Amino acid sequence: MRLSALYLLTACLAFASTEPESIQPTKKAPFVPPPEATRAELTDAIKAYMAKEPGTFGAHPAAKDFPGIVEAKERVSRTVSYDSNLIHRWDTTGGNAPNLATSPDVWQETGLYAAPGEVVIVKVAGIPENRVVKVIVGCHRDNLFKLDKWNRFPQIARSFELKSGENKIANAFGGQLFIQCQHKDWRKPVKASPGAPLQFSNAVAAPTYILGKDSPESWAKSKLNPAPWATLVGKQVILHIQISELKKLTDPKGLLEWWDKAMALEDDLIALNRLAPERVVPDRQISAGFMHSGYPFMCWIDPSQKDSVDLPKLMKEGNWGFFHELGHNHQRKTWTFDGQTEVTCNLFSLYVMEKLVGKPQGRGHPAMEKLDELLGKRLAPEPSMGPFEQLATFVVLIRAHGWAPLRETLRSYATEPTPKGATNDQLRSIFAERYGKAAKADVSEYFKLIGYPVSENTKAALKGFPAFKPTLPSAGK
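On a predicted model such as this, the values are computed, not experimentally measured, just so you know.

**Describing the pattern of salt bridges**
Then, number 1: Enumeration over the complete set of coordinates arrives at 19 salt bridges.
Then, number 2: The closest approach of N and O atoms between Asp283 and Arg152, which form a salt bridge, is 2.8 Å. Highlighted residues: Asp283 in strand S12 (residues 278–283) and Arg152 in the loop between strand S4 (131–137) and strand S5 (158–161), separated in sequence by 131 residues.
Then, number 3: By relative accessible area, Arg152 is classed as buried at 1%.
Then, number 4: Here Lys253 ties to Glu257 by a salt bridge, and the two come within 2.8 Å at their closest N and O atoms. Of this pair, Lys253 and Glu257 both sit in helix H4 (residues 253–270), separated by 4 residues, roughly a single helical turn.
Then, number 5: Residue Glu257 is classed as partly exposed on the basis of its relative accessible area, which comes to 31%.
Then, number 6: Salt bridges linked by common partners bring Asp267, Arg274 and Glu278 together as one network.

So, in structure tokens, the structure goes:
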């Protein structure tokens, strides 16, 4: 205890005088912050630094290492239109809406970048009624404060709420500029409004390609823009990539069309009426895991950035991790039950791997090569509830009936919400009933076998169909 107390005291003293501008981590030389128990003062100092008034600071010394600086001196002025109706729609369906279908964090492109520390002026004629309009500076929104080492500065993105008139925008780390609209008061209606265009000045032109608008020729010119990060905009997916990784990409069209097909398949599986494209951001370091879902979907630069733009590799191998994390963004609480968070997201991985990449049914990940072994573990007297063991029970259904019944079941939640206040047991029974009706099979006993309570009403609803009796490993008998 004495040694622990002494260590904490020493850590406090060591970091008490640390200035945010002296924190300059790199990939090879990470910054090791004090223990979490003594980190509050340093965290507060960093947050205060990142909230300083534009014009009172310059570029942070660590910006050159990541996310990068702007070498060129040329700055541009540009008027940017935006859709003020592209705004968060609150979920009132009791968990029937997907995680991100109603995201409040929809960003709209400007094609502009803020150089680190430099003030960008944004002139606003007026703010539409009952809206908050913001400019976000930087796509790397993950904060690293809770991690035990920092490979980059722990906070490098900022946002600014716009007011009518002239607004000063700046970020010590710079970053791409986005427009975001939100409710001012979600209890009041939002009337349709075009929103007056925003006038940006002293900004940097960013390499940008928009599918359906740009050509190889326009992309060749855009790649010469001096911002260090590029934006590739598809219909369903937006990719943020370091421009250094795109020098050899002569035409992003095929790449974005592939990503759009992948996301269209994930949307199709649950009948998602997409509000806005998903956004993929590679980062030097992220807040959790190898990748994580959300808006944006975050992944490590190494190796995911290169993989995200390697079209031949994507076409041949797919990418389970990308499909998995974007699958999280499609999950619903009404059919993802306790212990299934890392399970039902993989239905989307399986679907895209088969339908787009051409992998055999139920495959696409090395763990799925031994289906009987997974089922044996899942159905054993002391069952293993690992994600792939649980996923295997869905593969049994897919191999028996194809994708159509499962697709119909998942899509039903978009038009037939479950009763408000339904218990988990009731929701499981509802899922089994919907699947059985879609498959025209009495799946009552199978769902009971894999732990789904099946109500008497569900049994009665499925009684007229042939009993589903799959061949299962002996451990499940």
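**Topic: the nonpolar core**
Then, number 1: Counting 74 residues, the largest nonpolar core has Leu232, Leu239, Leu246, Trp259, Phe431 and Phe447 as the members making the most contacts within it.
Then, number 2: Considering every element that reaches this core, the biggest residue donor is H4, with 9 residues.
Then, number 3: Apart from residues no more than four positions distant in its own chain, Leu232 is found in contact with Tyr209, Trp219, Val237, Ile238, Leu239, Leu246, Leu249, Pro252, Leu255 and Leu256.
Then, number 4: Judged by nonpolar contacts, the second largest core, of 26 residues, contains Phe31, Ala62, Ala115 and Ala206.

**Regarding empty space enclosed by the protein**
Then, number 1: With the rule as written, the count across this model stands at 2 cavities of 30 Å³ or more.
Then, number 2: Contributing to the lining of the second largest cavity are Glu109, Thr110, Gly111, Leu112, Gln176, Leu177, Phe178, Ala206, Thr208 and Thr231.
Then, number 3: Within the residue set of the lining of the second largest cavity, elements represented by two or more residues are strand S2 (107–114) and strand S7 (175–183).
Then, number 4: At 4 residues, the largest contribution of residues to the lining of the second largest cavity is made by S2.

**As for the pairing of S7**
Then, number 1: In terms of burial, S7 is largely enclosed, as 9 of its 9 residues are buried.
Then, number 2: As paired elements, S2 and S7 share 5 bridges and run antiparallel to each other. Residue pairing for S7: Glu109 is matched across the bridge by Phe178.
Then, number 3: Summarising the sheet, S4 and S7 pair through 7 bridges and their orientation is antiparallel.

**Comments concerning the packing of aromatic side chains**
Then, number 1: Enumeration according to the criterion identifies 23 aromatic pairs in this entry.
Then, number 2: Pairing Tyr446 with Phe468 gives two aromatic rings, centres 5.4 Å apart and planes at 80°, and the pair type is edge-to-face. Placement of the pair is Tyr446 in helix H13 (residues 444–449) and Phe468 in the segment after helix H14 (456–462), with a sequence separation of 22 residues.
Then, number 3: Note that Lys47 overlies the ring of Phe145, its terminal NZ or CZ placed 5.4 Å from the centroid.
Then, number 4: Over the face of the ring belonging to Tyr413 we find Arg434, whose NZ or CZ atom lies 4.5 Å from the ring centre.

**Some thoughts on the environment of Phe160**
Then, number 1: Position of Phe160 among the secondary structure elements: in strand S5.
Then, number 2: Sequence-wise, Phe160 and Lys134 are 26 residues apart; in three dimensions their C-alpha atoms are separated by 5.3 Å.

**A few points about the sheet that holds strand S11 (residues 237–242)**
Then, number 1: Strand order across the open sheet formed by 6 strands is S9-S10-S11-S12-S14-S13, with mixed pairing between neighbours. Either end of the sheet is taken by a strand with one partner, and the two such strands are strand S9 (208–210) and strand S13 (291–292).
Then, number 2: Along the sheet, H4 makes contact with S9, strand S10 (229–233), S11 and S12, crossing S11 at roughly 135°.

**Considerations on the packing of helix H9 (residues 371–378) against helix H10 (residues 387–401)**
Then, number 1: Running from N to C, H9 and H10 point in directions that differ by 115°, and their axes come no closer than 8 Å. The hand of the H9/H10 crossing is left-handed. For the pair H9 and H10, contact is made by Leu371, Leu374, Leu375, Lys377 and Arg378 and by Phe388, Glu389, Gln390, Ala392, Thr393, Val395, Val396 and Arg399, respectively.
Then, number 2: Residue composition of the contact of H9 with H10, by class: 7 nonpolar, 2 polar and 4 charged.

**Quick look at the pairing of strand S14 (residues 297–300)**
Then, number 1: Taken together, the 4 bridges between S12 and S14 define a ladder with parallel strand orientation. Bridge pairing in S14 links Asp283 to Trp300.
Then, number 2: Alignment of S13 against S14, held across 2 bridges, turns out to be antiparallel. Bridge pairing links Met291 to Cys299 in S14.
Then, number 3: Remark: 4 residues form the turn of the hairpin made by S13 and S14, two consecutive strands paired antiparallel; Gly294 in that turn has positive phi of roughly 130°.

**Observations concerning the packing of H4 against helix H7 (residues 320–328)**
Then, number 1: Relative orientation of the contacting elements H4 and H7 amounts to 45°, with a least axis distance of 11 Å. As the angle between them shows, H4 and H7 are arranged oblique. Judged by the twist between their axes, the crossing of H4 over H7 is right-handed. The segment H4 lies against H7, with Trp258, Trp259, Ala262, Met263 and Glu266 engaging Phe322, Phe323, Leu326 and Gly327.
Then, number 2: Class assignment of the residues belonging to the contact of H4 with H7 gives a composition of 7 nonpolar, 1 polar and 1 charged.

**Quick word on the environment of Trp335**
Then, number 1: Mapped onto the secondary structure, Trp335 falls in the loop between H7 and helix H8 (345–357).
Then, number 2: If we ignore the near neighbours within four places in the chain, the residues touching Trp335 are Ile270, His330, Gln340, Thr344, Phe348, Leu410, Tyr413 and Phe431.

**Structural notes on H10**
Spacing of three or four residues puts side chains on the same side of an α-helix, whose turn is 3.6 residues.
Then, number 1: In this model, H10 (15 residues) spans 22 Å end to end at C-alpha, consistent with the 21 Å of a helix rising 1.5 Å per residue.
Then, number 2: Among the 15 residues in H10, 11 count as buried, and that is most of the element.
Then, number 3: Turning to H10, its buried residues number three or more, namely Phe388, Glu389, Gln390, Leu391, Ala392, Thr393, Phe394, Val395, Val396, Leu397 and Ile398.
Then, number 4: Those residues of H10 hidden inside the fold are in contact with H7, H8, H9, helix H11 (404–415), helix H12 (424–439) and H13.
Then, number 5: Note on H10: the residue one or two positions beyond its end, Gly402, has a positive phi of about 75°.

Reading guide: rules and limits
Residues numbered from 1 in each chain as written. Predicted model: local features only at pLDDT ≥ 70, side-chain atom pairs only at ≥ 80, totals over all residues. Heavy atoms only, no water. Salt bridge = Lys/Arg side-chain N within 4 Å of Asp/Glu carboxyl O. Helix = DSSP H or I, 4+ residues; strand = E, 2+ residues; numbered from the N terminus. Buried < 20%, exposed > 50% of the residue type's maximum accessible area, 1.4 Å probe, protein only. Core = buried A, V, L, I, M, F, W, Y, C linked by side-chain atoms within 4.5 Å. Contact = heavy atoms within 4.5 Å. 1 Å grid on protein atoms, 1.4 Å probe; cavity = no way out; pocket = protein on both sides within 12 Å on 5 of 7 lines; lining within 4 Å. Points joined across faces, edges and corners; volume = space filled by probe spheres on them. Pairing = 2+ DSSP bridges. Phe/Tyr/Trp six-rings, centres within 6.5 Å; stacked < 30°, edge-to-face > 60°. Lys NZ or Arg CZ within 6 Å of the ring centre and 35° of its normal. Axes fitted to C-alpha atoms, helices over the stretch in contact; angles between N-to-C directions. Left-handed = near helix turned anticlockwise from the far one by under 90°. Nonpolar A, V, L, I, M, F, W, Y, C, P; charged D, E, K, R; others polar. Parallel < 35°, antiparallel > 145°, perpendicular 65-115°, else oblique. Expected span 1.5 Å × (residues − 1).

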